[in-house]
Amino acid sequence: MAQHDYRKVWLYFLYYWVVFGIGTYFGQYFPEEWRPTASAVLFGLMMISLFVRGFNRAGPIISHLYAILIGLVSYGLFESFVIDFGEDVFYRVVLLGILVFVFFGCIGYFLLRDVTHWGKYLFIALLVVIFASLLNFFINLPYMTLILTIAGLVLYILFTIYDFNRMKNKKFSPREMGFNLFLNLLIIIKRLLRLYRYINNRR
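About the thresholds
Every residue gets a number counted from 1 within its own chain, in the order that chain's sequence is written. Only residues with pLDDT of 70 or above have their local features reported here, since the model is predicted, and side-chain atom pairs are shown and tallied only from 80 upward, although totals for entire chains, interfaces and linings are computed over all residues. Side-chain descriptors were evaluated using all non-hydrogen atoms of the structure, hydrogens and water having been removed beforehand. Comment: elements are numbered from the N terminus, with helices defined as DSSP H or I runs of at least four residues and strands as E runs of at least two. Note on method: radius of gyration uses C-alpha positions; expected globular size equals 2.2 Å times residues raised to 0.38. The classification of residues rests on relative accessible area computed with a 1.4 Å probe and restricted to protein chains. Under 20% of the type maximum is buried, over 50% is exposed, and intermediate values are partly exposed. It only takes one pair of heavy atoms within 4.5 Å for two residues to be counted as in contact. Areas reported here follow the Shrake-Rupley algorithm with a probe of radius 1.4 Å; residue values treat only the protein chains shown as occluding. When charges are tallied, Lys and Arg are placed among the positive residues and Asp and Glu among the negative ones, while His and the ends of the chain are skipped. By convention, the point assigned to a charge is CZ for Arg, NZ for Lys, CD for Glu and CG for Asp. To define axes, lines are fitted to C-alpha atoms, for helices over the stretch in contact only, and angles between the resulting N-to-C directions are given on a 0 to 180 degree scale. Here the word oblique covers every angle except those under 35 degrees (roughly parallel), over 145 (roughly antiparallel) and from 65 to 115 (roughly perpendicular). In this scheme the crossing of two helices becomes right-handed for a clockwise turn of the near helix relative to the far one and left-handed for an anticlockwise turn of less than a right angle. Put simply, Ala, Val, Leu, Ile, Met, Phe, Trp, Tyr, Cys and Pro go in the nonpolar bin, Asp, Glu, Lys and Arg in the charged bin, and everything else, Gly too, in the polar bin. We define a nonpolar core as any set of buried Ala, Val, Leu, Ile, Met, Phe, Trp, Tyr and Cys residues linked to one another through side-chain atoms lying within 4.5 Å. For every residue, the predictor states its confidence as a pLDDT score lying anywhere from 0 to 100. Here, expected helix span is obtained from the residue count minus one, scaled by 1.5 Å.

The helix and strand tally for the protein chain stands at seven helices and zero strands. At 17 Å, the protein chain has a C-alpha radius of gyration in line with the 17 Å of a compact globule built from 203 residues. In terms of overall dimensions, the protein chain has a C-alpha envelope of 45 × 35 × 30 Å along the principal axes. Counting over 203 residues, the protein chain shows a buried share of 46%. Here the analysis covers contacts within the protein chain between residues at least 6 apart in sequence; of these, 84% occur between residues at least 24 apart. Accessible surface, the protein chain: about 11400 Å² in total, of which carbon and sulfur atoms supply 69%. Positive and negative side-chain charges in the protein chain, numbering 19 and 10 respectively, have mean positions lying 11 Å apart.

This is the structure we're talking about:
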């Protein structure tokens, strides 16, 4: 794998953060009543990407739509967190998420030889978390929100290890890997924000 392909990965990674930032910025103008629809569309795209062969969520059109929609629906989470806990706490949690991402990424890249076979197991775990989340949406079981938040955090930490290890073993394409790393970091941050909120609301 040529060195420039690694540069492309990080350029795509940064690029999708810019697209996400644009979506988040416009999220402040996005009507509150439209956010459930945007979330449903985002969930539909995710499910199609999981089950429809040949559907590439890291493709040029779908990945941009993903990043914009995630930004639109994430604005409410970020805004409410800042209102409840302040900007300082928000940025500290974001920094923690970045450190977690880098730390486990380094483990995947430097310490593990080849864990690219993890993919099928992570896929199954992702399906379990998705369907458990749907179940909890309708039933709202006690403590299930906390369990799912922690499970999602651990899952995307494992995805981070897996993706960095795929880079080490040169089993990636730059656009797909850049997009995956963007999603991994974003979801780690969002899960940490939700975990912080849950813990502090229980005090």
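Back to the text.
Moving on, we come to the packing of helix 6 (residues 144-168) against helix 7 (residues 174-201). Taken N-terminus to C-terminus, the directions of helix 6 and helix 7 make an angle of 155°; their axes are 9 Å apart at the nearest point. In terms of orientation, helix 6 and helix 7 fall into the roughly antiparallel class. Note on packing geometry: the crossing formed by helix 6 with helix 7 is left-handed. Looking at side-chain class alone, the contact of helix 6 with helix 7 contains 16 nonpolar, five polar and five charged residues.

Here we take up the nonpolar core. Membership of the largest hydrophobic core comes to 57 residues, with the highest contact counts inside it found for Y66, M167, L181, F182, I188 and L193. Elements with a contribution of two residues or more to this core: helix 1 (3-27), helix 2 (35-51), helix 3 (60-85), helix 4 (87-111), helix 5 (119-139), helix 6 and helix 7. Broken down by element, this core gets its largest block of residues, 13 residues, from helix 7. Aside from chain neighbours lying at most four places away, what touches F182 is F13, Y16, W17, F20 and A67.

This brings us to unusual backbone geometry. Even without a glycine there, the phi angle at K170 is positive, about 60°. Within the element layout of this structure, K170 appears in the loop between helix 6 and helix 7.

Moving on, we come to the environment of I187. Here I187 shows up in helix 7. Separated by 34 residues in sequence, I187 and L153 have C-alpha atoms that sit 7.5 Å apart.

Attention shifts here to the confidence of the model for the protein chain. With 93% of its residues at a pLDDT of 70 or more, the protein chain shows a mean pLDDT of 91. Confidence, expressed as mean pLDDT per element, reaches its minimum in the protein chain at helix 2 with 81 and its maximum at helix 4 with 98.

So, about the environment of I130. Counting through the fold element by element, I130 comes out in helix 5. Taking the relative accessible area as the measure of exposure, I130 reaches 7% and is therefore buried. The spatial distance from the C-alpha of I130 to the C-alpha of E33 is 23 Å, given a sequence separation of 97 residues. For I130, the residues in contact, after removing those within four places along its chain, are F43, M46, M47 and L50.

Attention shifts here to helix 4. Between its first and last C-alpha, helix 4 extends 35 Å over 25 residues, near the 36 Å set by a 1.5 Å rise per residue. Within the span of helix 4, buried status applies to V89, F90, V93, V94, G97, V100, F101, G105 and G108.

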